[in-house]
Amino acid sequence: MPFENIDFKAISGLLNNKLNKKLVLQGLMSPFDLFLVKSIAKNNKKVLYITLDEQSALKNQKDFKTLFNVETRVLPSQEISLYSELEKNYYIYNEQIEIFNSKPDIVFAPVKALFEKFNSIEFYKNNTITITKNSEIDYTNIAKKLILMGYKRTTSVTDIGEFALRGDILDVYSLSKNPVRIEFFADSVEDIRYFNPSNQKSFEHIDKIDILPLYKFILDDENKSEFKKYLNNIVNKNDEFQNNLKNELIEKLDETGYFEGIEYYFNNFCSKPATVLDFFKDYTIVFKESSKILSKYQNIDENYINQYDEAIKSNLKFPLEKLNHLKFEEFNRELKKFNIVSFDNFISDDFDKLVEFNLSLPPVFSSNISEAGKFIKKYLSKNYKIFICSNFPKRLKEIFDELEIFSNNMFYFPDISTGGAISEDEKISNDKILFITDKELFNKHSRDITSKQYYSNKQSKDFIDSINDIKIGEYVVHSVHGIGIYNGITKQTIDDSQKDYLEIQFQGTDKLFM
């Protein structure tokens, strides 16, 4: 393996020393930060790599796959405000919970993904229904249990949160990639299989399925009663508008249970909220430029507080006893519980151990491959291992062969987004290493990676005949916001995520991107 000697053996003792709660590495350039992450994971330690934004996380994930052929995960965050009355995206929630439960070795987490609060780890363990093949289940009571867990009964199951009962067959779409079909004989489970929600056809038999609560809490008589007391105590009895709002919430709670917007009052129904970091207690946290990360966190924190203040001023929400997000000072307190490795170029006094690296950047050749060849030849003569990361490896190899530049110390890989670096630092490897990428060879910067799309099956192409059926300028009806004018599809970068959005114009200057 060409990378086997990039092992950071010289500092492995520091990484394993529990007294080094915060280890700062100065001057460690990309892509060597990813090699260090792999080295940490190789020593049976899981890594939570906190990035400035989603693009950084996605690019790190891509580069990790390119260099090591190792799958990693990116922790997503909800696209709506934590103080919105809109329902969360259950497909994002599904992936969040799946990552928490599966505990991958390496998780890249954008700062924004760390704010949301969840119920405790014990809540998900204690309130999961596990159904195994050949087990006995109270079939007559299953619908009641699912409704208590937040599921809605439908005639056919297409999206997360739905279930259907037809004779001895139960279809349910829990927090998983696919819905399941469970076949009973009396109370005995005869068969469990995944099915495709688009055509309703089964495609894989399984032995077990876990059905998780759909919300971050389960409604019961006790917490509903406590919520009503909270509303009665907080309402100004002389304020007609507040009383109407209170009565409306109580009516929704009694009639529909999990009403839209109920998770704004999450803390009223959850006695032991957990932070995202609570699900990564046995991980080593890695930062890149911790001062930027903390500054970004503080800015988002202030933005959430402003959103909460605006919600209260609107008189459409009641004040909360606890905020729905992890505040900046709370985040700092949580970090002190972890071992932290931080790649920092600007050093503060807040560290237990500082390690300095001596690396440099290769020059930019702006498509002058002849000059690049001379540069590579020079470093081959110094016994460097050369890693050429490019989208054009075959053509580059042909050119360098023609220039009589070839060696067993030259290796070709697909391009990486971080750019190249030069190392003679023995703390990294006993080998001398040169990474050169398309950034240096062609002055070509990596494109943004389109964020993963999370949408319900009812929004997929199987349920919408064609978006082309809607013409720009036509009136459309949104299920929540009402009548607007369709302005077409636009590419928007919102909260550091670049996606395609349908643009709908409402009265005045109000626009909705969805």
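Everything below is about the structure printed above this text.
Basis of the calculations
- Residues numbered from 1 in each chain as written.
- Predicted model: local features only at pLDDT ≥ 70, side-chain atom pairs only at ≥ 80, totals over all residues.
- Heavy atoms only, no water.
- Axes fitted to C-alpha atoms, helices over the stretch in contact; angles between N-to-C directions.
- Helix = DSSP H or I, 4+ residues; strand = E, 2+ residues; numbered from the N terminus.
- Parallel < 35°, antiparallel > 145°, perpendicular 65-115°, else oblique.
- Contact = heavy atoms within 4.5 Å.
- Nonpolar A, V, L, I, M, F, W, Y, C, P; charged D, E, K, R; others polar.
- Pairing = 2+ DSSP bridges.
- Phe/Tyr/Trp six-rings, centres within 6.5 Å; stacked < 30°, edge-to-face > 60°.
- Buried < 20%, exposed > 50% of the residue type's maximum accessible area, 1.4 Å probe, protein only.
- Lys NZ or Arg CZ within 6 Å of the ring centre and 35° of its normal.

Colleague: Can you walk me through the packing of helix H12 (residues 369-380) against helix H13 (residues 393-402) in this structure?
Modeller: Packed helix pairs are characterised by how far apart their axes lie and by the angle those axes make with each other. Contact geometry for H12 and H13: axes closest at 11 Å, N-to-C directions at 70°. When the axis of H12 is compared with that of H13, the two are roughly perpendicular. Side by side, H12 and H13 meet where Ile369, Gly373 and Ile376 of the first sit next to Leu396, Ile399 and Phe400 of the second. Here the contact of H12 with H13 is composed, by residue class, of five nonpolar, one polar and no charged.

Colleague: How do you make sense of the packing of helix H2 (residues 32-42) against helix H3 (residues 54-68) when you look at a structure like this?
Modeller: Taken N-terminus to C-terminus, the directions of H2 and H3 make an angle of 75°; their axes are 11 Å apart at the nearest point. Classified by the angle their axes make, H2 and H3 are roughly perpendicular. Along its contact with H2, which presents Leu34, Phe35, Val37 and Lys38, the element H3 presents Asn60, Asp63, Phe64, Leu67 and Phe68. Broken down by class, the residue content of the contact of H2 with H3 amounts to six nonpolar, one polar and two charged.

Colleague: Would you explain the sheet that holds strand S22 (residues 432-437) in this entry?
Modeller: By definition, the strands of a sheet pair up through backbone hydrogen bonds, in either a parallel or an antiparallel sense. Spatial strand order, S18-S21-S22-S19-S20: five strands in an open sheet with mixed pairing. A single partner strand is all that each edge strand has here, and the edge strands are strand S18 (359-360) and strand S20 (410-413). Bridging between strand S21 (residues 421-423) and S22 involves three bridges; their strand directions are antiparallel. Directly across from Ala421, in S22, lies its bridge partner Phe435. Each of strand S19 (384-389), S20, S21 and S22 is contacted by H12, which is oriented at about 150° to S19, the strand it contacts most.

Colleague: I would appreciate a short explanation of the environment of Leu14 in the present structure.
Modeller: In this structure, Leu14 sits in helix H1 (residues 12-16). Each C-alpha atom, one on Leu14 and one on Gly484, is 60 Å from the other, the two residues being 470 residues apart in sequence. Leaving out residues up to four positions away in the same chain, Leu14 has contacts with Asn20, Leu23, Lys353 and Val355.

Colleague: For this particular structure, what's the right way to read the packing of aromatic side chains?
Modeller: For any pair of aromatic rings, the description consists of the separation of the ring centres together with the inter-plane angle of the planes. Using the criterion set out here, one finds 48 aromatic pairs in the structure. With 5.6 Å between their ring centres and 85° between their planes, Phe32 and Phe435 make a pair best called edge-to-face. Of this pair, Phe32 sits in helix H2 while Phe435 sits in strand S22, and the two are 403 residues apart along the sequence. Phe435 carries the same exposure label as Phe32, and that label is buried. Considering the side-chain rings of Phe280 and Tyr283, the 4.9 Å spacing of their centres and the 85° angle between planes classify their relative orientation as edge-to-face. Each member of the pair, Phe280 as well as Tyr283, carries the same accessibility label: buried. A cation sits over an aromatic face here: Arg181 above Phe195, 4.2 Å from the ring centre. Positioned over the ring face of Tyr264 is Lys317, at 4.9 Å from the centre of the ring.

Colleague: What exactly am I supposed to notice about the environment of Glu404 here?
Modeller: By the element assignment, Glu404 lies in the loop between H13 and S20. Classification of Glu404 as exposed rests on a relative accessible area of 61%. Sequence separation between Glu404 and Ala109 is 295 residues; the distance between their C-alpha atoms is 44 Å.

By themselves, these observations are geometric and do not establish any function.
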